[in-house]
Amino acid sequence: MDYSRLFMIVGAAGGGTAVVLGAFAAHGLRGRLDATLQHAFETAVTYQFFHSIALCVLALWCRQLVRQPAPGDAALLAGFLFMAGIVMFSGSLYALTFGAPRWVGPITPLGGVAFIGGWAALCWTAWRN
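Note that the coordinates shown come from a computational prediction; the quantities given were computed from them, not determined experimentally.

Conventions used here
- Residues numbered from 1 in each chain as written.
- Predicted model: local features only at pLDDT ≥ 70, side-chain atom pairs only at ≥ 80, totals over all residues.
- Heavy atoms only, no water.
- Core = buried A, V, L, I, M, F, W, Y, C linked by side-chain atoms within 4.5 Å.
- Buried < 20%, exposed > 50% of the residue type's maximum accessible area, 1.4 Å probe, protein only.
- Helix = DSSP H or I, 4+ residues; strand = E, 2+ residues; numbered from the N terminus.
- Expected span 1.5 Å × (residues − 1).
- Bend = angle between axes of the 7 residues up to and from the residue.
- Polar contact = N/O pair within 3.5 Å; in protein donor to acceptor, adjacent residues only side chain to side chain.
- Phe/Tyr/Trp six-rings, centres within 6.5 Å; stacked < 30°, edge-to-face > 60°.
- pLDDT = per-residue confidence, 0-100.

Moving on: the nonpolar core. By size, the foremost hydrophobic cluster in this structure holds 28 residues, and its most contacted members are Phe-7, Phe-41, Leu-55, Leu-58 and Phe-82. Only helix H1 (3-29), helix H2 (35-64), helix H3 (74-97) and helix H4 (107-128) provide two or more residues apiece to this core. Of the residues forming this core, the biggest block, 10 residues, is contributed by H3.

Compared with the 34 Å implied by 1.5 Å per residue over 24 residues, the 33 Å span of H3 between its first and last C-alpha is a close match. Largest kink in H3: about 30°, centred on Gly-91. Here H3 starts with a cap whose side-chain oxygen sits 3.2 Å from the backbone nitrogen of Ala-75, and that cap is Asp-73. Positive backbone phi, approximately 95°, marks Gly-99, located one or two places after H3.

This brings us to the packing of aromatic side chains. Here the structure, examined in full by the defined rule, presents 11 aromatic pairs. Taken together, a centroid distance of 5.8 Å and an interplanar angle of 80° make the contact between Phe-7 and Phe-80 edge-to-face. Of this pair, Phe-7 sits in helix H1 while Phe-80 sits in helix H3, and the two are 73 residues apart along the sequence. A residue is classified by how much of its surface remains accessible, and Phe-7, at 0% relative accessible area, is buried. What links up through ring pairs into an aromatic cluster is the set Phe-24, Phe-41, Tyr-94 and Phe-98.

All right, on to the confidence of the model for the protein then. Here the protein averages 93 in pLDDT, and 96% of its residues register 70 or above. When mean pLDDT is compared element by element in the protein, H3 scores highest at 96, while H2 scores lowest at 94.

Spelled out as structure tokens, the structure:
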């Protein structure tokens, strides 16, 4: 599988949807949510956007190295942790904003841990290459 292509596709799609969701937050949700929920939604958009960019950078970096990340490679781990973080962190905040049950709340920090792990794996990749 061409993981650098997968990371670029997911990163580009995530960046595009972050822009759409950010505009929705600014124009469609303003005044409809209390300040805490509005802030949570905007935080989800911000983290989705930054980690979508990170996925695109990772994809380009893998292409520059002229090799595909292979199973067990820290670059591959970084990409999948960034994707998991977007789903768990941003996804849970989006869900909570729209009335998801309270049990969804503890998923958010797991997404944060995935983000941290992704950055650590990316750092390890840079150190090893």
